[in-house]
Amino acid sequence: MKYAVLQTLGVALVVLGGQGAIRLLVDHDNTGLLAWLPGGFAAGVTVHFVAVAVGAVVAGWAHSRAKEVGRRS
């Protein structure tokens, strides 16, 4: 069960980070959830890409651990 939750959270990070990065690359002024973040465009894009990377690692790790314990095929 915990691996399913971690995998879901990882995928959510990938989705939110990806859509935020795309939105910010298309419209540099639309910072969305990161409007409070100092550093402007570069900091916002960096945070979004880090969220995508962390989400992919967490989701992949949770999926492989679930396979090891026999919860995934």
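Scroll up to find the structure.
Residues numbered from 1 in each chain as written. Predicted model: local features only at pLDDT ≥ 70, side-chain atom pairs only at ≥ 80, totals over all residues. Heavy atoms only, no water.

### Some words on the pattern of salt bridges
Here is step 1: Following the criterion strictly, the structure yields 1 salt bridge and no others.
Here is step 2: E68 is the salt-bridge partner of R65, the closest N and O atoms lying 2.5 Å from each other. With R65 and E68 both in helix 2 (residues 40–68) and 3 residues apart, this pair spans about one turn of that helix. (Salt bridge = Lys/Arg side-chain N within 4 Å of Asp/Glu carboxyl O. Helix = DSSP H or I, 4+ residues; strand = E, 2+ residues; numbered from the N terminus.)

### What about a nonpolar patch on the surface?
Here is step 1: On the surface, M1, V5, L6, L9 and W61 cluster together to form a nonpolar patch covering roughly 530 Å² of accessible area.
Here is step 2: If you tally residues by element for the nonpolar patch, the top one is helix 1 (residues 2–26), at 3 residues.
Here is step 3: Among the secondary structure elements, L9 is positioned in helix 1.
Here is step 4: We classify L9 as exposed; its relative accessible area is 52%. (Patch = residues over 30% accessible without salt bridge, like charges linked within 9 Å, V, L, I, M, F, W, Y side chains within 5 Å. Areas by Shrake-Rupley, 256 points an atom, 1.4 Å probe, with all protein chains shown as cover. Buried < 20%, exposed > 50% of the residue type's maximum accessible area, 1.4 Å probe, protein only.)

### A few points about helix 2
Here is step 1: In a regular helix each residue adds 1.5 Å, so 29 residues correspond to 42 Å; helix 2 covers 42 Å between its end C-alpha atoms and thus fits that length.
Here is step 2: Among the residues of helix 2, those classed as buried are G44, V45, H48, A51, G55, A59, A62 and A66.
Here is step 3: G70 sits one or two residues past helix 2 and shows a positive phi near 85°. (Expected span 1.5 Å × (residues − 1).)

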